[in-house]
Amino acid sequence: MEAFLQHIINGVSLGSIYALIALGYTMVYGILQLINFAHSDVYMIGAFIGFYSARWLNVSDAPGYGSFFSVLFIAMIGCSILGFTIERLAYRPLRKAPKLNALITAIGVSLFLEYSGQIVFGATPQVFPNILEDSIVATFGEVRVTKFDATILITTFALMLILRHIIQHTKLGKAMRATSFNGPWASLMGINVDRIISMTFVIGSALAAAGGILVGIKYPKIEPLMGVMIGLKAFVAAVLGGIGNIAGAVLGALIMGLAEEFVVGYGASTYRDALAFGILIIILLFKPAGLLGKFTVEKV
Amino acid sequence: MVDFKRSILMPVLVILVCLGIDYVVPEIFNPYLQTLIAYSGINIILAVSLNLVNGFTGQFSIGHAGFMAAGAYMSAFLTMTFPHWAGPIVGLNFFFNTIAGGLLAAAAGFAVGLPSLRLKGDYLAIVTLGFGEIIRVVLLNIEAVGGARGMYGIHHSASIFWTGFWVFICCFTVTRLMNSTHGRAFLSVREDEIAAESMGVDTTKYKVRAFVISSFFAGVAGSIFAHYLCYLNPSSFAFMKSIDVVVMVVLGGMGSISGSFVAAIIITLLPEALRPLQEITTIDFRMVIYSLTLIVLMLTKPQGLFGELEISDLFRKYVKRHS
């Protein structure tokens, strides 16, 4: 029973990191119908910005919430700029091209970030600086909640509340919802669609950067290809919940995190990477638009 | 009455040409270039067969490497366990093993396609991607084929002849198919699924059919790959391999067989052609240049190198008009 509860805590913590990344995928998909393959590499760059900014701020050996939040902040700002640039240079010229071209461009951007990352940062894994010290904050019998898990959960939760506030209660959010509902009509109503799309990339990339930092403190080994698998899983999580749906992305990510933790915990760890896709396929066969997605009937 | 030209002369001619290439290539090129030629051939089979699904039928599959893996492992396993089951001739054994690999891949394609081809667009893409990964992870866990260690010492039976032979079979099949009733049905599914359905085309059936044929050739390509490299490892068939094939199809032009053919050769040779640059700068810029080329090409030539045209169309358009 204790082991079971422990797995739940670990799984939720893993799932909330997936959720941060999945949100970026789902927001961009909701507005542009584009699978932004480069998103997983924005997350990787976020982790590396954290790595270098911790050195630059001289907090590599000064663990504490001050250093954690300043590194987090810098990484989020840096990745927002990166996301904005990617959208401006690579995706905007393709707004009217077939979807597949945008997709291949996204793959191109992703490869570009990965391989230039290998040149700039080096291909060997680096150890993420110790900007937060791990300790046990609460014990329930045998079940332990570590400071890392608590930080991850609280940070993710706070970021999601902010995101929810932006989307539901600000003018920007209203414009984003309108654009995702129907782009051309939104622009008829005086919404600057290009600006909204840029903002979507900015917000999504900032969330990915936060994911990068949180992964960095929990699994402190970062390398230029670290985004590939986690990005794929986060994307699967977004599809699982119904892509384009923000609550769905969080739900899907939590399911993925928990399922993965249980598979590893109960001994089939070599099948870990197949599991994500197994769940996805089974759910899509029964609910073709994902768990919370709306199934639209195609009309002539 | 058997059409002599088509049914006897043509295959004989093809086999003779392939044998000729097989004889000439080792004389002219060094082993490194020979390997590149074989890889180009394998990639051509993969790209042309994927074009059948992505280009002609308008479905979006990004799990081609999975089917390639299924075919590669099946044929390699047969070669390792029953070295002489089809007689003493190595080539004949290889031929039948390749077909067996292709059939397993086709069966996998059927199993994947039947439920998932009812999904649309990006959902289908993700499901095919997922199946590709699942096939890889399952292979990673089967000890009989080496698991994560990979499979060593497969007989080197794939020559340039066999590569050329299968490239021909693949291109021939796809070309003839696209000029048949089935091909028209594939195209109608791509152009407008609802209209096709209302004209009595069983869209799911045709999608599955395209998918199965495409998977068969992916398996064949896998088998050639296995018997040329003589070593298999599940990581050769990761997600990036599938993406490579999709890139070839889009770069060449969706729905252009000659486009896929040319793009496959370019994508195979480009990283190798950039090798001297790496030696000058001592930094591996190749993949960066490759990805930048990809982005620039997509921005400047979104329909791919050939669009929907074939070499023969281009010939008619540009050469004949001026003469």
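Thresholds applied
- Numbers given to residues run from 1 along each chain, matching the order in which its sequence is written.
- The naming scheme follows written order: chains are lettered A onward, ligands numbered 1 onward.
- This being a predicted model, a pLDDT of at least 70 is required before a residue's local features are given, and a value of 80 or more before pairs of side-chain atoms are given or counted; all residues contribute to the totals for chains, interfaces and linings.
- Runs of H or I in DSSP of at least four residues are treated as helices and runs of E of at least two as strands, each being numbered from the N terminus.
- Between the buried cut of 20 or more and the exposed cut of 12 or fewer other C-beta atoms within 10 Å of a residue's own C-beta lies the partly exposed class, and all C-beta atoms are placed from the backbone.
- Distance between backbone-placed C-beta atoms decides contact: two residues are in contact if it is within 7 Å.
- Residue polarity is assigned by list, with Asp, Glu, Lys and Arg as charged and Ala, Val, Leu, Ile, Met, Phe, Trp, Tyr, Cys and Pro as nonpolar; anything else, Gly included, falls into the polar class.
- Core membership is restricted to buried Ala, Val, Leu, Ile, Met, Phe, Trp, Tyr and Cys residues, and these are joined into a nonpolar core through C-beta atoms within 7 Å.
- By definition, two strands form a pair when at least two bridges between them are found by DSSP.
- One number per residue, pLDDT, summarises how confident the predictor is, and it ranges from 0 to 100.

1. What about the overall build of chain A?
Then, number 1: What chain A contains, in helices and strands, is eleven helices and four strands.
Then, number 2: C-alpha atoms of chain A, sized along the principal axes, occupy 60 × 45 × 35 Å.
Then, number 3: Residue burial in chain A is summarised as follows: out of 300 residues, 50% are buried.
Then, number 4: Sequence separation of at least 24 residues holds for 76% of the intrachain contacts in chain A that already meet a minimum separation of 6.

2. Here's the deal with the interface of chain A and chain B
Then, number 1: Taken together, the contacts link 34 residues of chain A with 28 residues of chain B.
Then, number 2: Sort the elements by how many residues they give to the side of chain A that touches chain B and helix α4 (residues 99-120) of chain A lands first, with twelve residues.
Then, number 3: For the side of chain A that touches chain B, the per-class residue count stands at 26 nonpolar, six polar and two charged.

3. Quick word on the nonpolar core
Then, number 1: Among the nonpolar cores identified, the biggest contains 195 residues, and A22 and V236 of chain A together with I45 of chain B are the most heavily contacted of them.
Then, number 2: At 15 residues, helix α9 (residues 203-229) of chain B tops the list of elements feeding residues into this core.
Then, number 3: Excluding residues that lie within four positions of it along the chain, V236 of chain A makes contacts with M256, A276, F277 and L280 of chain A together with I126 of chain B.

4. Topic: the pairing of strand β3 (residues 143-146) of chain A
All names here are of chain A.
Then, number 1: Two elements, strand β2 (residues 136-140) and β3, share four bridges in a ladder whose sense is antiparallel. Note on β3: the bridge partner recorded for F140 is V143.
Then, number 2: Between the end of β2 and the start of β3, which pair antiparallel, lie two residues, with G141 showing a positive phi angle near 65°.

5. Structural notes on the confidence of the model for chain B
Residue and element names in this part refer to chain B.
Then, number 1: Per-residue pLDDT for chain B has a mean of 85; in total, 96% of the residues score no lower than 70.
Then, number 2: When the elements of chain B are averaged for pLDDT, helix α14 (residues 311-319) gives the smallest value, 76, and α9 the largest, 93.
Then, number 3: Across the interface, the model reports ipTM at 0.79; the global pTM reads 0.85.

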